[in-house]
Amino acid sequence: MQNVLVSGGGIAGTVLAHWLARRGFAPTVVELAPGLRSGGQAVDIRGVALDVIERTGLTEQVRAVRTRMRGMSVLGADGTELHRSEETTYSSGRLDNGDVELLRGDLMEILYGHTPAGVEFVHGDSITSLHEDAHGVHATFAHGQPRTFDLVVGADGLHSRVRRLAFGPEADCLSPLGTHVAIFAADNFLGLEDWQVWQRDGDAGYGIYPVRDNTELRIVFGWASDTPVERDPEAARKTVAERISTLPWERTRLLDALHRSTDFYADVMAQIHLDSWSVGRTVLLGDAGYCASPLSGQGTSLALVGAYVLAEELGRARDSGAGHRAAYERYERRMRPFVTLNQALATENPGGPAAEESVERAKNAIVLDAA
């Protein structure tokens, strides 16, 4: 039985481990966080990614916790309503489509709870080195004992440690999009009821929507800047506070929510572009290999589909005796066109959502059953 080291216990890594275990592999998932991450914004599952959820047996659970938005309002700098829609929202598109929007934390709980036997999770640790030879990949860890694996998968996000160790510096493949984002939770001090508000003032603005039966808000604050976001959370929080302080609408309560938040997150909006997603026995998955950025609205779908396709190709190559190189090549050949179309959604309409036709084309631009 081949053992596979998966770096990153997010959506991509957890789904990959699920399908690897079902196909007879022995996956070990190493995750830096001490436990399951419960925070995060609303994410979308669209098109072919819904088929992955169906095949994983989770459709009913996922739809049960979806958001129930009735529409949205677009506000001016002073909070005056400029536009409203009961047909579409910026976060999830048309409300009458078959896509599913839900909180990332809810999706992770479902995925984690459905993990089959045979998957080993190691929380609170990270990979410190990878050395490949004829016998496999020798990995060392910040806390655990060194181990050897047949294969390694980097599913550890935009700032992937595996990618840095196996492929080189992040600067060689990261393409900033000139925008930054901060996400944090708050009590529903705006009294929103299944309704989003979007507000922009110059090069900064908010998307705010209620969750948890309208008891909480998720606040997504974006601003244009060419200066990298501080990786230290408190330094980043200070930067965000300074930007919010320049905006007039709900400034006091939003600043208070920012300072009180316990799940604050901020990062650059960027994409990852690599000539190849694999080297030797190591391969990249999801944001680590082909981040489209949250501006695309397709990061979760790319993670779900990529994980399914990679597991399928590894199983097929093992059964045929073709080896991991053949699996990696087929995985990349199948996923590249899908990734390209979805990355393009983030740049098609700077400052606004991509066209509905572009989203429809991109979200269905792959088939799960390989020829």
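Below is a summary of the structure that appears in this document.

Each value, and the rule that gives it
Residue positions are given per chain, counted from 1 along the sequence in the order it is written. At least 70 in pLDDT is required for a residue's local features to be given in this predicted model, at least 80 for side-chain atom pairs to be given and counted, and no such filter applies to totals for whole chains, interfaces and linings, which use all residues. Only heavy atoms go into the side-chain values, all of them from the structure, while hydrogens and water stay out. Going along the chain from the N terminus, every DSSP run of H or I of four or more residues is numbered as a helix, and every run of E of two or more is numbered as a strand. Here, two residues are considered to be in contact whenever any of their heavy atoms come within 4.5 Å of each other. Computed with the Shrake-Rupley method and a 1.4 Å probe, the accessible areas treat only the protein chains shown as cover for residues. Charge counting follows a simple rule: Lys and Arg are positive, Asp and Glu are negative, and His as well as the terminal groups are ignored. Working definition for charges: the position is that of NZ of Lys, CZ of Arg, CG of Asp or CD of Glu. Only protein chains enter the area calculation, which uses a 1.4 Å probe; residues under 20% of their type maximum are buried, those over 50% are exposed, and those in between are partly exposed. When DSSP finds at least two bridges between two strands, those strands are taken to pair. Lines are fitted to the C-alpha atoms to define the axes, a helix being fitted only along its stretch in contact, and any angle between axes, read from their N-to-C directions, falls within 0 to 180 degrees. What sets the label is the angle itself: under 35 degrees gives roughly parallel, over 145 gives roughly antiparallel, 65 to 115 gives roughly perpendicular, and the rest give oblique. In this scheme the handedness of a crossing depends on how the near helix is turned from the far one: anticlockwise by less than a right angle means left-handed, clockwise means right-handed.

### Description of the overall build of the protein chain
Check the secondary structure of the protein chain and you find eleven helices and 20 strands. Each of the three principal axes of the protein chain carries a C-alpha extent, and together these read 65 × 40 × 35 Å. Of the contacts formed within the protein chain by residues at least 6 apart in sequence, a portion of 70% connects residues at least 24 apart. A total of about 16000 Å² of accessible surface is found on the protein chain, and carbon and sulfur atoms cover 49% of it. Here the protein chain carries 36 positive and 50 negative side-chain charges, and the mean point of each set is 3 Å from the other.

### Here we look at unusual backbone geometry
The backbone of Arg-212 sits at a positive phi, close to 55°, despite the residue not being glycine. You can see Arg-212 is positioned in the loop between strand S16 (204–211) and strand S17 (216–224). Positive phi outside glycine occurs at Asn-214, with the angle close to 65°. Note that Asn-214 resides in the loop between S16 and S17.

### Overview of the environment of Gly-76
Turning to its location among the elements, Gly-76 is positioned in the loop between strand S4 (71–75) and strand S5 (81–85). Relative accessible area serves as the criterion here: at 9%, Gly-76 is assigned to the buried category. Measuring from C-alpha to C-alpha, the distance between Gly-76 and Trp-198 comes to 8.7 Å, with 122 residues separating the pair along the chain. Non-local contacts of Gly-76, meaning those with residues more than four positions away in its chain, are made with Leu-82, Gln-199 and Arg-200.

### Looking at the side chain of Ser-358
With respect to the element layout, Ser-358 can be found in helix H11 (residues 356–363). Those residues in contact with Ser-358 that lie beyond four places of it in its chain are Leu-345 and Glu-348.

### Observations concerning the sheet that holds strand S1 (residues 3–7)
Paired through backbone hydrogen bonds, the strands of a sheet run either parallel or antiparallel to each other. Pairing in this open sheet of six strands is mixed, and the strands run S9-S2-S1-S13-S20-S19 from one edge to the other. Whereas interior strands pair on both sides, the edge strands pair on one side only; in this sheet they are strand S9 (120–123) and strand S19 (278–279). Relative to strand S20 (residues 282–284), S19 runs antiparallel, the two being bridged by two bridges. In the strand pairing of S20, Val-279 is matched with Thr-282.

### A short note on the packing of helix H10 (residues 324–348) against H11
With their axes 8 Å apart at the nearest point, H10 and H11 run at an angle of 160° to one another. Here H11 runs roughly antiparallel to H10, going by the angle between their axes. Crossing angle aside, the handedness with which H10 passes H11 is left-handed. Between H10 and H11, the contacting residues are Phe-338, Leu-341, Asn-342, Leu-345 and Glu-348 on the first element and Ser-358, Val-359, Arg-361, Ala-362 and Lys-363 on the second.

Note that all results are geometric; they support no functional claim without further evidence.
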